[in-house]
Amino acid sequence: MRKWLLALFALGALVFPALAQAAEDDEFDPAHEWDFKTWVDLPFGLDITKPVAYLILGTIVTCLLGIVLMRVKVGKDPTRRQAVGEMIYEIAQVQVAEQGLPTKAIGRWFPYVATLMLFIWVINMLGFIPLPLSDETVDVGGVQLPTLAIFAATSTLSVTLALALMTFVFTHVEGIRANGAVKYFKSWIPEVPKALLPMIVPLEILGQFMRLISLSVRLYANMLAGHLLILTFIGLIFLTHWAVFPLSIVAGTAFYLFEVVIVVSIQAYIFAALSAIYIGSAIEPDH
Amino acid sequence: MLSSLFIAAAEDGADAGKAIALALGIGLGALGAGVGLGNIFGSMIQAVARQPELRGELTGIQWLGFALVEAVVFYGLIGGLLAFVLI
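Only a predicted model underlies this, so the values are computations on that prediction, with no experimental measurement involved. (Residues numbered from 1 in each chain as written. Chains lettered and ligands numbered in written order. Predicted model: local features only at pLDDT ≥ 70, side-chain atom pairs only at ≥ 80, totals over all residues.)

**Here's the deal with the overall build of chain A**
Part 1 of the reasoning: The number of helices and strands found in chain A is 9 helices and 2 strands.
Part 2 of the reasoning: Each helix and strand of chain A, placed in order from N terminus to C terminus, yields the pattern α-α-α-α-α-β-β-α-α-α-α.
Part 3 of the reasoning: Each of the three principal axes of chain A carries a C-alpha extent, and together these read 70 × 55 × 45 Å.
Part 4 of the reasoning: Across chain A, the fraction of contacts at a sequence separation of at least 24, relative to all contacts at a separation of at least 6, is 70%. (Helix = DSSP H or I, 4+ residues; strand = E, 2+ residues; numbered from the N terminus. Contact = placed C-beta atoms within 7 Å.)

Quick look at the structure:
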């Protein structure tokens, strides 16, 4: 346990060069981490910026995790690697898919919610590992290298909104496919006295769109707030006085551990579980 | 020290007011979520104490409730940040 703590502490300290660099500018502001420069200029606004680079990296890591843990050399005599893969699979099946999806729809939608869970977990986790993907550069022996920085692609609203939109579209497509359009939209209308209907129906329709907002903003704000907290606490050293060093390192490490141990996994699980529940409730509206 | 703070506040009165409003908004949001989280975990402890064999099933529901309640703070945060930047 102590070894792990030391390793995490060292990882946190690696963020320092980035912050020191930022402090050399006229003003330190953690929000500058969210001003993106274009790295590769592509047409139609498909430019590659920092979040896009993180997304590509996250996709590769997710694919590798899936292939290495669950596809390569799996057999009846499980190795430790296979045991980890089976654990992830079991969480995705028992905790996420079976909680929300009706039995007949698990075969079709389990891959989607499981991928969602693993993908968001990987992206969130990459956000807390200092990686040399940063807009700022540091001079090492005459070569301009990007500084190590922590940044999560999920702390930008576009990424989480795109993920939430997928769930939103799948929910209604699947609802119409399973029930027929008329029956599905009728299921939105609850059984209340007729006089209340003009008030209730707009609320129900609004509620469907509020799901989109709540799903995306929950993940986005969690990751944004986590990163802002860590950056602000370490940035206090440069903003005020070097004597706050012990306080800000202890507080920053505490928040870092809280984010890595609890928030990252919980948010990935919640996003996938809510997607499963939404899709499941569209397939069987009565429940 | 204090007087310099007041002078700074007088110069940047609008910004100071916005900062106080932002902090107050998030703080009040956190108050409600704190009560809610206490309720969730308190009920979970009671439920597991009464029927320990249900722990596995309840854990999933507990974390679902945790995330739903916790998100309220962050709606406050995002609303506050938006107001801080836009107004």
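**A word on the environment of Asn124(A)**
All names here are of chain A.
Part 1 of the reasoning: By the element assignment, asparagine 124 lies in helix α5 (residues 106-126).
Part 2 of the reasoning: On the basis of neighbour counts, which here come to 27 C-beta atoms within 10 Å, the residue asparagine 124 falls in the buried class.
Part 3 of the reasoning: When neighbours within four sequence positions are excluded, asparagine 124 is seen to be in contact with Ala152, Thr154, Met223, Val264, Gln267 and Ala268. (Buried ≥ 20, exposed ≤ 12 C-beta atoms within 10 Å, placed from the backbone.)

**Observations concerning the packing of helix α4 (residues 80-100) of chain A against α5(A)**
Residues and elements named next belong to chain A.
Part 1 of the reasoning: In the contact formed by α4 and α5, the axes pass within 10 Å of each other and the chain directions differ by 115 degrees. In this structure, the crossing between α4 and α5 has a hand that is right-handed. Side by side, α4 and α5 meet where Ile88, Ala92, Gln93, Val96, Ala97 and Glu98 of the first sit next to Ile106, Phe110, Val113, Ala114, Met117 and Leu118 of the second.
Part 2 of the reasoning: Here the contact of α4 with α5 is built from residues that sort into 10 nonpolar, 1 polar and 1 charged. (Axes fitted to C-alpha atoms, helices over the stretch in contact; angles between N-to-C directions. Left-handed = near helix turned anticlockwise from the far one by under 90°. Nonpolar A, V, L, I, M, F, W, Y, C, P; charged D, E, K, R; others polar.)

**Section: the packing of helix α6 (residues 157-179) of chain A against helix α9 (residues 245-283) of chain A**
All names here are of chain A.
Part 1 of the reasoning: In contact at an axis separation of 8 Å, α6 and α9 are set at 20 degrees when each is read in the N-to-C sense. With respect to their mutual orientation, α6 and α9 come out roughly parallel. When you trace α6 past α9, the crossing you get is right-handed. For the pair α6 and α9, the contacting residues are Thr167, Phe170, Thr171, His172, Glu174, Gly175 and Ala178 in the first and Ser275, Tyr278, Ile279, Ala282 and Ile283 in the second.
Part 2 of the reasoning: Considering only residue class, the contact of α6 with α9 consists of 6 nonpolar, 5 polar and 1 charged. (Parallel < 35°, antiparallel > 145°, perpendicular 65-115°, else oblique.)

**Quick look at the environment of Pro202(A)**
All names here are of chain A.
Part 1 of the reasoning: Mapping proline 202 onto the fold places it in helix α8 (residues 197-239).
Part 2 of the reasoning: You can call proline 202 exposed: it has 10 C-beta atoms within 10 Å.
Part 3 of the reasoning: A C-alpha to C-alpha distance of 9.7 Å links proline 202 and isoleucine 189, two positions 13 residues apart in sequence.

**Brief notes about the pairing of strand β1 (residues 137-140) of chain A**
Residues and elements named next belong to chain A.
Part 1 of the reasoning: Of the strand pairs in this sheet, β1 and strand β2 (residues 143-146) are connected by 4 bridges, and their pairing is antiparallel. Across the sheet, residue aspartate 139 finds its bridge partner in β2, namely glutamine 144.
Part 2 of the reasoning: As consecutive antiparallel partners, β1 and β2 are separated by 2 residues, and within that stretch glycine 141 has a phi angle of approximately 55 degrees, a positive value. (Pairing = 2+ DSSP bridges.)

**Some thoughts on the interface of chain A and chain B**
Part 1 of the reasoning: Opposite the 13 residues of chain A that make contact, chain B presents 10 residues.
Part 2 of the reasoning: Going through the elements one at a time, α4, α8 and α9 of chain A are the ones with two or more residues in the side of chain A that touches chain B.
Part 3 of the reasoning: In terms of residue count, α8(A) provides more of the side of chain A that touches chain B than any other element does, 6 residues in total.
Part 4 of the reasoning: Of the residues assigned to the side of chain A that touches chain B, the class counts are 7 nonpolar, 5 polar and 1 charged.

No statement about biological role is implied by the geometric values presented.
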